[in-house]
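Summary of structural features
Residues per chain, in single letters:
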Amino acid sequence: MRKYLLPLIYVVFAVFYLISGVFNFAYDRIKMPEEQKIEVSQLYAENMKQIDDNTFVATTNDPQFIFISNVEIHTLKYTLKQGGTGSKALYYKNAKDIDWSPNKILLPKAKEIKNVKYIIPENNVTSVRLDISGTFTEIIEIEEIVINYRPKFVEYFYISSMDFAKFIVIPIVISSILLYFFDLYEHYFKKLKNYKYKTTE
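Residues numbered from 1 in each chain as written. Predicted model: local features only at pLDDT ≥ 70, side-chain atom pairs only at ≥ 80, totals over all residues. Heavy atoms only, no water.

Re the environment of isoleucine 168
What counts here: Each helix is a run of DSSP H or I of at least 4 residues and each strand a run of E of at least 2, with the numbering of both proceeding from the N terminus.
Structurally, isoleucine 168 is set in helix α2 (residues 161–200). In this structure the C-alpha to C-alpha distance between isoleucine 168 and tyrosine 10, which are 158 residues apart in sequence, comes to 8.3 Å.

Written out as structure tokens, the structure reads:
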């Protein structure tokens, strides 16, 4: 049983991942509102100054776009132009969240530099914040921001490098904890058995 424990946990994790992907795809297809293009006037630009209809200049090294929606946000995609590479992070929260949480963050796929897509892994999300790692006075141009676009089925099974690392490490940790408790149980059981044997002699 011991030698099969870790492979069994990996199988359980893989099955759960596949089921959750199918469930999330079906849920979004049923519950997702219509696709909506976000106008620049609907965005709150923080640490940026607007210099044209869809063009901004960063006033610090931490420019951000914040959008609060009147409908639930299931997915988001955007196309931006900027001078640097501009790695980006999307924070999300629902109406019950007081502030942005570091646990509610999505990072773009490695191949996505300009055109980025996100599937938000939580229900009832109505606020998003796009952090753009830019530099002071950098020019940032919005080409398109869309919420509730329809992702392809395979997009629900994307595994980031962080997810892959968790998939490798977490089953090992769980397996070690279970084996530790198994050893404790066996040790206790043997002691109890020996004690009963001695008391009956």
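Okay, back to it.
Structural notes on a nonpolar patch on the surface
In plain terms, the rule: Patches here are clusters of residues that have more than 30% relative accessible area and form no salt bridge, with a 9 Å joining cutoff for like charges and a 5 Å cutoff for nonpolar side chains (Val, Leu, Ile, Met, Phe, Trp, Tyr). Accessible surface area values rest on a Shrake-Rupley calculation with a 1.4 Å probe, where residue burial reflects the displayed protein chains alone. Salt-bridge detection follows one rule: a side-chain nitrogen of Lys or Arg within 4 Å of a carboxyl oxygen of Asp or Glu. Per-residue accessibility, obtained with a 1.4 Å probe over protein chains only, is compared with the maximum for each type, and a residue is labelled buried under 20%, exposed over 50%, and partly exposed between these values.
A surface patch of nonpolar side chains, about 910 Å² in accessible area, is lined by Ile159, Phe164, Ile168, Val169, Ile172, Val173, Ile177, Tyr180, Phe181 and Leu184. On the basis of relative accessibility, which here comes to 42%, the residue valine 173 falls in the partly exposed class.

Some thoughts on the pairing of strand β4 (residues 55–58)
This is how the line gets drawn: Any two strands with at least two DSSP bridges between them are considered paired.
Across the two faces of β4 the burial is the same, with Thr55 and Val57 and Phe56 and Ala58 all buried. Relative to β4, strand β3 (residues 48–50) is paired through 3 bridges, and the arrangement is antiparallel. Looking at β4, one finds that glutamine 50 is bridged to phenylalanine 56. Linkage of β3 to β4, two consecutive antiparallel strands, is achieved through a turn of 4 residues. Bridge analysis of β4 against strand β11 (residues 139–147) gives 3 bridges, and the strand direction is antiparallel. By the bridge assignment, phenylalanine 56 is partnered in β11 with isoleucine 140.

Some remarks on the layout of surface pockets
The condition that has to hold: Of the two site types, the cavity is a set of points on a 1 Å grid over the protein atoms alone where a 1.4 Å probe fits but cannot get out, and the pocket is an open set with protein on both sides within 12 Å along at least five of seven lines, each lined by residues with an atom within 4 Å of a point. Grid points are joined across faces, edges and corners, and a volume is the space filled by probe spheres set on the points.
Taken as a whole, the largest pocket encloses approximately 1,500 Å³ of empty space. Together, 40 residues line the largest pocket, and Leu106, Pro121, Tyr158, Ser160 and Asp163 are the ones closest to its centre. Broken down by secondary-structure element, the contributors of at least two residues to the lining of the largest pocket are α1 (2–31), β8 (105–106), β9 (115–119) and α2. It is α1 that provides the largest number of residues to the lining of the largest pocket, a total of 10 residues.

Observations regarding empty space enclosed by the protein
Applied cut-off: Here the term charged refers only to Asp, Glu, Lys and Arg, the term nonpolar to Ala, Val, Leu, Ile, Met, Phe, Trp, Tyr, Cys and Pro, and the term polar to all other amino acids, Gly among them.
Within this structure, the stated rule accounts for 1 cavity of 30 Å³ or more. Reported here for the largest cavity is a volume of approximately 60 Å³. Leu43, Phe65, Ile66, Phe67, Leu76, Leu90, Val128, Arg129, Leu130 and Ile145 together form the lining of the largest cavity. At the level of elements, β5 (64–68) and β10 (125–132) are the ones that each hand at least two residues to the lining of the largest cavity. Residue composition of the lining of the largest cavity, grouped by class: 9 nonpolar, no polar and 1 charged.

What to know about the packing of aromatic side chains
Applied cut-off: Think of it this way: a Phe, Tyr or Trp ring, Trp meaning its six-membered ring, pairs with another when their centres are within 6.5 Å, and the plane angle makes it stacked under 30 degrees, edge-to-face over 60, tilted otherwise. To sit over a ring, a charge needs its Lys NZ or Arg CZ within 6 Å of the ring centre and within 35 degrees of the ring normal.
Inspection of the entire model under this criterion finds 10 aromatic pairs. Ring geometry for phenylalanine 153 against phenylalanine 157: centres 5.0 Å apart, planes inclined by 65 degrees, an arrangement best described as edge-to-face. A network of ring pairs unites the aromatic residues Tyr17, Phe25, Phe153, Tyr156 and Phe157 as a single cluster. Here arginine 129 stacks its cationic end above the ring of tyrosine 91, 4.3 Å away from the centre of that ring.

What to know about the side chain of aspartate 28
Spelled out, the test is: Charged residues are defined narrowly, with Lys and Arg counted positive, Asp and Glu counted negative, and His plus the chain ends left uncounted. In what follows, residue pairs with any heavy atoms lying within 4.5 Å of each other are defined as contacts.
Positionally, aspartate 28 belongs in helix α1. Among buried charged residues, aspartate 28 stands out as having no salt bridge; its nearest opposite-charge side chain is arginine 29, 6.4 Å away. Apart from the residues within four sequence positions on either side, aspartate 28 is in contact with His74, Thr75, Ile119 and Tyr156.

So, the sheet that holds β10
The antiparallel open sheet is built from 5 strands, whose spatial order is β2-β5-β10-β7-β8. One side of each edge strand has no neighbouring strand; the edge strands of this open sheet are β2 (44–46) and β8. Bridge count for β5 against β10 is 5 bridges, and the pairing is antiparallel. Residue pairing for β10: phenylalanine 65 is matched across the bridge by leucine 130.

Concerning the environment of glutamate 35
Along the chain, the position of glutamate 35 falls in the loop between α1 and β1 (36–37). Remark: the alpha-carbon pair of glutamate 35 and histidine 74, spanning 39 residues in sequence, is separated by 9.9 Å. Among all residues touching glutamate 35, those that are not within four sequence positions of it are Val146, Ile147, Asn148, Tyr149 and Arg150.

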